[in-house]
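Reading the structure
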Amino acid sequence: MDFSGCTGRVIENPSEVLTVALEEAQAWRVSSCQSSPLSPDTRLPAAIHRTQPWFHGRISREDTQQLIGRQGLVDGVFLVRESQRNPKGFVLSLCHLQRVKHYLILPSEEEGRLYFTMDDGQTRFADLIQLVEFHQINRGILPCKLRHYCTCVAL
């Protein structure tokens, strides 16, 4: 789908969907960074995921499994957290078939652009929000789509 607001067409080709999403995300980031009063070395686009309800910061794998378990072991329940083993990485934790699975998300840089990937660069996303939104629509490398984000509850 094209949600740019300029046109209202349905995009059916999966590769075109990804291309359009990447172009729109990049155009938005360029315009928001140019109009932003922040200094150029502030990495706002890389940290915008912290405002999302599915992002849980620095919690352990064990706490993640308990948290998802309390939400109910339903296919598609997920959260994103900071990796404890890889200081620059993140982890997408997802419930599938009543088990919690963990997928490492690594940042990478190419031609001066930061992107995030779960499959060694085969599929690249400009930020974690784009990665999550893509997997809410498409299964990608995951066993199921992301359906319900895990809310923060006291453990």
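This text gives an overview of the structure that appears in the document. This structure is a prediction, so every number in the text was calculated from the model and none was measured.

A closer look at the sheet that holds strand β5 (residues 148–149)
If you trace the five strands from one edge of the open sheet to the other, you get β4-β3-β2-β1-β5, paired in mixed fashion. Whereas interior strands pair on both sides, the edge strands pair on one side only; in this sheet they are β4 (113–117) and β5. In terms of strand pairing, strand β1 (residues 77–82) meets β5 through two bridges, oriented parallel. Opposite V77, over in β5, you have H148 as the bridge partner. Against the sheet, helix α3 (residues 61–71) engages β1, β2 (90–96) and β3 (99–110), with an angle of about 155° to β1. Most of the contacts of helix α4 (residues 128–137) go to β1, to which it runs at about 160°, and overall it touches β1, β2, β3 and β4.

Brief notes about the pattern of salt bridges
Applying the stated criterion across every chain yields a total of three salt bridges. Here E82 ties to R50 by a salt bridge, and the two come within 2.9 Å at their closest N and O atoms. Placement of E82 in strand β1 and of R50 in the loop between α2 (44–47) and α3 is noted, with a sequence separation of 32 residues between them. A relative accessible area of 17% means that E82 is categorised as buried. With a shortest N-O distance of 3.1 Å, E110 and R124 are connected by a salt bridge.

How each quantity is defined
Residues numbered from 1 in each chain as written. Predicted model: local features only at pLDDT ≥ 70, side-chain atom pairs only at ≥ 80, totals over all residues. Heavy atoms only, no water. Pairing = 2+ DSSP bridges. Helix = DSSP H or I, 4+ residues; strand = E, 2+ residues; numbered from the N terminus. Contact = heavy atoms within 4.5 Å. Axes fitted to C-alpha atoms, helices over the stretch in contact; angles between N-to-C directions. Salt bridge = Lys/Arg side-chain N within 4 Å of Asp/Glu carboxyl O. Buried < 20%, exposed > 50% of the residue type's maximum accessible area, 1.4 Å probe, protein only.

What is shown is where atoms sit, not what they do.
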